[in-house]
Amino acid sequence: QVQLVESGGGLVQAGGSLRLSCATSRSIFSINRMGWYRQAPGQQRELVAVITSGGTTNYADSMKGRFTITIGNAKNTVYLQMSSLKPEDTAVYYCYARTQFSAFWGQGTKVTVSS
């Protein structure tokens, strides 16, 4: 089992920045990959960014250059630094962890970007 706890969401103006955090109950080295997805009202959940335990990253095209996913020094926290935020980035952001056998989700943290 992997417990995930997100934090850092909130209200920000367009062009601003936010950093989301996802604390895990296990070291990321025991997890294949972690990442962030988001779901806007009335929309399907979509990939934002993922990172492997080795540090390889992958981003959705619309987030490239604006969002950065990193692993914390303690190796049990994953961060999503979001910059140049747009109103269309408004969504609930979910932390995701994938082990060899299972996938786990956090409870989500809401990000609202005002125009």
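Above this text sits the structure in question.
Residues numbered from 1 in each chain as written. Predicted model: local features only at pLDDT ≥ 70, side-chain atom pairs only at ≥ 80, totals over all residues. Heavy atoms only, no water.

1. Considerations on the overall build of the protein
The line we're drawing: Only DSSP runs of H or I with at least four residues qualify as helices, and only runs of E with at least two residues qualify as strands; both kinds are numbered from the N terminus onward. Radius of gyration here uses only the C-alpha atoms, and the compact-globule reference equals 2.2 Å multiplied by the residue count raised to the power 0.38. Only protein chains enter the accessibility calculation, which uses a 1.4 Å probe. A residue is then buried if its area is under 20% of the maximum for its type, exposed if over 50%, and partly exposed in between. The contact definition used throughout considers only heavy atoms, calling two residues in contact when any of these lie within 4.5 Å. Surface accessibility follows the Shrake-Rupley procedure with a 1.4 Å probe radius. Residue values consider only the protein chains on display as shielding. By the counting rule applied here, Lys and Arg register as positive and Asp and Glu as negative, while His and the ends of each chain are not counted. Each charge is placed at NZ for Lys, CZ for Arg, CG for Asp and CD for Glu.
Along the protein, the regular secondary structure elements total zero helices and eleven strands. The helix and strand sequence of the protein, counted from the amino end, reads β-β-β-β-β-β-β-β-β-β-β. Expected size for 115 residues packed as a compact globule is a radius of gyration near 13 Å; at 13 Å, the protein falls within 12% of this value. Along the first, second and third principal axes, the C-alpha set of the protein runs to 40 × 25 × 25 Å. Burial statistics for the protein: of 115 residues in total, 41% are counted as buried. Pairs at least 24 residues apart make up 54% of the contacts formed inside the protein by residues separated by at least 6 positions. Of the roughly 6,000 Å² of accessible surface on the protein, a fraction of 45% belongs to carbon and sulfur atoms. Side chains of the protein carry 11 positive and 5 negative charges; the gap between the two charge centres is 9 Å.

2. Describing the packing of aromatic side chains
Using the following cut-off: What counts as a ring pair is set by centres within 6.5 Å for rings of Phe, Tyr and Trp (its six-membered ring), and what kind of pair is set by the plane angle: stacked under 30 degrees, edge-to-face over 60, tilted for all other angles. Throughout this description, the term charge over a ring refers to an Arg CZ or Lys NZ atom that lies within 6 Å of the ring centre and within 35 degrees of the ring normal.
Taken as a whole, this structure holds three aromatic pairs when the rule is applied. Ring centres 5.3 Å apart and planes at 65° place the aromatic pair Tyr-37 and Tyr-96 in the edge-to-face group. A residue pair is termed long-range when its members are at least 10 positions apart, and Tyr-37 in strand S4 (residues 33–39) and Tyr-96 in strand S9 (residues 91–98) qualify at 59 residues. A residue is classified by how much of its surface remains accessible, and Tyr-96, at 8% relative accessible area, is buried. Look at Tyr-96 and Trp-105: their rings are 4.9 Å apart centre to centre, the planes differ by 50°, and that puts the pair in the tilted class. A network of ring pairs unites the aromatic residues Tyr-37, Tyr-96 and Trp-105 as a single cluster. Positioned above the aromatic ring of Tyr-79, the side-chain terminus of Arg-19 is 4.1 Å from the ring centre.

3. Observations regarding the environment of Gly-72
Its location among the elements puts Gly-72 in the loop between strand S7 (67–71) and strand S8 (77–82). Residues Gly-72 and Ser-7, spaced 65 residues apart in sequence, show a C-alpha to C-alpha distance of 14 Å. Once you skip the residues sitting within four places of it in the chain, Gly-72 turns out to touch Thr-77 and Tyr-79.

Keep in mind these numbers describe shape, not what the thing actually does.
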